[in-house]
Amino acid sequence: MSDERHILLVSHTGRRDSIDAAVEVCDLLHAAGLVPVMPFDEYADIRRAEASVGQVHILGVDVQADDLEIVIVLGGDGTILRAAELVRGTHAPLVGVNLGHVGFLAESERDGLSETVERVLVGEYKVEERVALQVDVVVGQEIVWSSWALNEATIEKASRERMLEVVTEVDGRPLSSFGCDGVVVATPTGSTAYSFSGGGPIVWPDVDALIMVPLSAHALFSKPIVVGPDRVLAVEVLRRTSGIGVLWCDGRRTHDLPPGARIEVRRSPEPVRVARLKDAEFTDRLVAKFQLPVAGWRGPQHDDEDRL
């Protein structure tokens, strides 16, 4: 590890507001005597947009991922997932500034950007370790592809006109067989993403668990299930399937699934580290992000109030 402080900046350079935010962060880091670190493609995008970020170290060239202190992410959840991919296997935590729509993984909003950078600079944050998934594709008795996911691993049909025939299992024991559009295996962090859209439960991020959610299953029993973190969930693409399936990990890494392929999902030994700037309750985050109606709530009542 280097003694010099290295802070990686990851941004959604396809949006002008994100480029402007990146310029602001770089200015703040320069003012603090630090040289920002950026992926080369993002630095090139910003230069093409005729924006100036001053002196920058390039990730993988001037600074290696293992030398990073923390990652400041500007964008939505997709940008945070990309940042997690860049620093996978390191100890660098992620702190997100939401420039997207919902931004469940982000810690602050655009108007709090300056404060976020200031708190990062003085180390005023706590680090949470989030459950991640280890995903293996087995054909025959051979693991032919492996990856990981922070939000979810999704087994989907590759052809719109054909259902995917699968059988699900827990710890090597069959649970149910059905035709479907797919199956989502999610973490608690991912329970508010694709799993939620598919009818899965919202699971608090401090819960150690894995979630399995069938998508549009043609079956009487196709309910989501939640299991302990040491269970192994599997989805097997049955040989009677008339097409192929496709596996997506966080919507970023993909692999084709022929009939007979087996997808095994377990908790990864490497969690994803997320920096938290404040001790906000997850309940409050849900209310704010989904704009849930809470009008009329009075909260816990004290004895003297009860007697009024």
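Residues numbered from 1 in each chain as written. Predicted model: local features only at pLDDT ≥ 70, side-chain atom pairs only at ≥ 80, totals over all residues. Heavy atoms only, no water.

Student: Hey, could you go over the overall build of the protein for me, with residue numbers and the actual values?
Tutor: When you go through the protein residue by residue, the secondary structure sums to seven helices and 20 strands. In summary, the protein has a C-alpha radius of gyration of 22 Å against a globular reference of 19 Å for 308 residues, a match within 12%. The principal-axis extent of the C-alpha atoms belonging to the protein is close to 70 × 60 × 35 Å. By sequence separation, contacts in the protein at least 24 residues apart represent 67% of the contacts at least 6 residues apart. Accessible area for the protein stands at about 15,300 Å²; split by element, carbon and sulfur atoms hold 49% of it. Averaging the locations of the 31 positively and 48 negatively charged side chains of the protein gives two centres separated by 5 Å. (Helix = DSSP H or I, 4+ residues; strand = E, 2+ residues; numbered from the N terminus. Rg over C-alpha atoms; globule rule 2.2 N^0.38 Å. Contact = heavy atoms within 4.5 Å. Areas by Shrake-Rupley, 256 points an atom, 1.4 Å probe, with all protein chains shown as cover. Lys, Arg positive; Asp, Glu negative; His and termini not counted. Charge placed at Lys NZ, Arg CZ, Asp CG, Glu CD.)

Student: An account of empty space enclosed by the protein is needed here, citing residue identities and associated values.
Tutor: Enumeration over the complete set of coordinates arrives at four cavities of 30 Å³ or more. The calculated volume of the largest cavity comes to roughly 80 Å³. (1 Å grid on protein atoms, 1.4 Å probe; cavity = no way out; pocket = protein on both sides within 12 Å on 5 of 7 lines; lining within 4 Å. Points joined across faces, edges and corners; volume = space filled by probe spheres on them.)

Student: An account of a nonpolar patch on the surface is needed here, citing residue identities and associated values.
Tutor: On the surface, Leu292, Val294 and Trp297 cluster together into a nonpolar patch covering about 360 Å² of accessible area. Its place among the elements puts Leu292 in the loop between helix H6 (282-290) and helix H7 (303-306). (Patch = residues over 30% accessible without salt bridge, like charges linked within 9 Å, V, L, I, M, F, W, Y side chains within 5 Å. Salt bridge = Lys/Arg side-chain N within 4 Å of Asp/Glu carboxyl O.)

Student: Now, about the sheet that holds strand S13 (residues 182-186): what can you tell me, with residues and values included?
Tutor: Across the sheet, which stays open at both edges, the six strands sit in the order S15-S14-S13-S10-S17-S18 with antiparallel pairing between neighbours. Each edge of the sheet is formed by a strand with only one pairing partner; in this case those strands are strand S15 (225-227) and strand S18 (253-257). Strand-to-strand twist of the sheet, defined as the mean angle between neighbouring strand axes without regard to direction, takes the value 15 degrees. With five bridges connecting them, strand S10 (residues 152-157) and S13 associate as antiparallel partners. Residue pairing for S13: Ile155 is matched across the bridge by Val183. (Pairing = 2+ DSSP bridges. Axes fitted to C-alpha atoms, helices over the stretch in contact; angles between N-to-C directions.)

Student: Lay out the sheet that holds strand S19 (residues 262-267) with the relevant residues and their values.
Tutor: Taken together, six strands build an open sheet; the order of strands is S9-S8-S19-S16-S11-S12 and the sheet is antiparallel. One side of each edge strand has no neighbouring strand; the edge strands of this open sheet are strand S9 (142-149) and strand S12 (173-180). Sheet twist, expressed as the mean angle between neighbouring strand axes with direction ignored, is 20 degrees. As judged from the six bridges shared by strand S8 (residues 133-139) and S19, these two strands associate in the antiparallel manner. Note that in S19 the partner of Leu133 across the bridge is Arg267.

Student: Describe the nonpolar core, listing the residues and the values that go with them.
Tutor: Core analysis: the largest hydrophobic core is formed by 29 residues, its most contacted members being Ile7, Leu9, Val25, Met38, Val53, Ile72 and Leu74. When residues in this core are grouped by element, the largest group, seven residues, is from helix H1 (residues 16-31). Apart from residues no more than four positions distant in its own chain, Leu9 is found in contact with Ala22, Val25, Cys26, Val37, Met38, Pro39, Glu42, Ile72 and Leu74. (Core = buried A, V, L, I, M, F, W, Y, C linked by side-chain atoms within 4.5 Å. Buried < 20%, exposed > 50% of the residue type's maximum accessible area, 1.4 Å probe, protein only.)

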